[in-house]
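Examination of the molecular architecture
These are the residues of each chain, in order.
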Amino acid sequence: MVLRRLEETARASREELARLLGADESEEELLFAAADRVRSAAAGDEVHLRALIEFSNHCRRNCLYCGLRRGHAELSRYRLSPAEIIAAAGVAAELGFGTVVLQSGEDQTYTADVLADVSREVKTRWDMAVTLSIGERTESEYARLREAGADRFLLRIETSNPDLYEGLHPDSDWHARLGCLHTLRSLGYQVGSGVMIGLPGQSLEMLADDLLFLRDLDLDMIGVGPFIPHPATPLGGEQGGDLGRSLRFLALLRLLCPRALIPATTALGTLASAGRWEGLRAGADVVMLNVTPSRYRERYDLYPGKVRAGANGTTTRLEAELVIRRLGRRVAAGHGHSRLRGGAGVLLHGQPVGPV
Ligand code: SAH
Ligand code: SF4
């Protein structure tokens, strides 16, 4: 049976994956249970909590699906000052987080030097791991940030299909984005990528290709979630991704990439209040909690319903700890570095490793 082979050998064909992505409820339960067993055996029972700081909603790009696109003229834009970012990281440190994720639109106002100073400050003051999610930059900018101590970088490829990508990104290039992932890996970052599920024109076969593509990138972290239509974007009238398919994708990811760090994303929690916790039962082992100062939160408007899904850092951390314990899991202490390449970065004998 396909599921058993997947669980034992992490192997499946494109056709088998496409079929499992469309599985019905009874088969879905078996899939989630298999992913949960593999997660427990290969990744352990600890859940890693990350503190997310959304420090700017300015963006130079115009991705068709995103509420932060530059064409969304009604959106009120904000920027946190470096001091505000550092203060928010301090709150996260006090709450016990071992990692802070700094995310923004593509906002060139923050030069690599500015973000390098922020990263250095956060690391030296609180010894937290720093993850960046700031979009595409030049190799020298990525290098400067890495030298300042940034440990990880999240950059979703969004879809492994270049044609689908081009249709959604009027001012970006799929190959250039993939090139960024290679550059980040060569610089010694722990690299995360991922896709959206339920994009217009995205078939089950394309999603199966996404699964195999993400596996072949040998990523440290893989974040996936449903596409949620934003009414102020050109895709506002589309259907979007559904919870079941997103959870099946997540479970299959765990079966294909047993040791990856896989978050139960906010977008899952936006589709259904328990979505994130269902993600933890279907293979996920990471939860990101929003610690952005509350007066800015509503304006980081990637998709509707997002703010409701992540209340303030203190409440959600307590709530998350409670649910995690109820699921029979534990909250991890420490940095929660990649299981593939260890905490010293992505260097082995002084050389970057891994095929990305
Ligand atoms: N600007 C950076 C980081 C912020 S956007 C970047 O693009 O890499 C972070 C992620 O939000 C994107 O990678 C995309 O996958 C997701 N996102 C944007 N709009 C979304 C939507 N409408 N529904 C679901 N996810 C969305
Ligand atoms: Fe900007 Fe990222 Fe949104 Fe694209 S997905 S518009 S790059 S914030």
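This one's a predicted model, so the numbers in the text were calculated from it and none came from an experiment. (Residues numbered from 1 in each chain as written. Chains lettered and ligands numbered in written order. Predicted model: local features only at pLDDT ≥ 70, side-chain atom pairs only at ≥ 80, totals over all residues. Heavy atoms only, no water.)

**Comments concerning the site of ligand 1**
In the vicinity of ligand 1 there are 17 residues, among which Tyr65, Arg156, Glu158, Arg177 and Ile228 approach most closely. Glu158 places a polar side-chain atom, nitrogen or oxygen, 2.6 Å from an oxygen atom of ligand 1. The separation between an oxygen atom of ligand 1 and a polar side-chain atom of Arg177 is 3.0 Å. Within the complex, the protein chains bury 92% of what would otherwise be the 540 Å² of accessible surface of ligand 1. A breakdown of the residues in the shell around ligand 1 according to their chemical character gives 9 nonpolar, 5 polar and 3 charged. (Near = heavy atom within 4 Å. Polar contact = N/O pair within 3.5 Å; in protein donor to acceptor, adjacent residues only side chain to side chain. Areas by Shrake-Rupley, 256 points an atom, 1.4 Å probe, with all protein chains shown as cover. Nonpolar A, V, L, I, M, F, W, Y, C, P; charged D, E, K, R; others polar.)

**Description of unusual backbone geometry**
Trans is the prevailing form of peptide bonds, just as negative phi is the prevailing case for residues other than glycine. With a phi angle near 60 degrees, Ala10 is a residue other than glycine that sits in the positive phi range. With respect to the element layout, Ala10 can be found in the loop between helix H1 (2–9) and helix H2 (14–21). By relative accessible area, which is 19% here, Ala10 ends up buried. Positive phi, close to 55 degrees, is recorded for Asp218, a residue that is not glycine. Tracing the chain through its elements places Asp218 in the loop between helix H9 (204–216) and strand S7 (221–222). (Helix = DSSP H or I, 4+ residues; strand = E, 2+ residues; numbered from the N terminus. Buried < 20%, exposed > 50% of the residue type's maximum accessible area, 1.4 Å probe, protein only.)

**A closer look at the pairing of strand S9 (residues 286–290)**
Counting buried positions along S9 gives 4 out of 5 residues, so the element sits mostly inside the fold. Pairing between strand S1 (residues 46–56) and S9: 5 bridges, direction parallel. Its bridge partner lying in S9, His48 is registered against Val286. (Pairing = 2+ DSSP bridges.)

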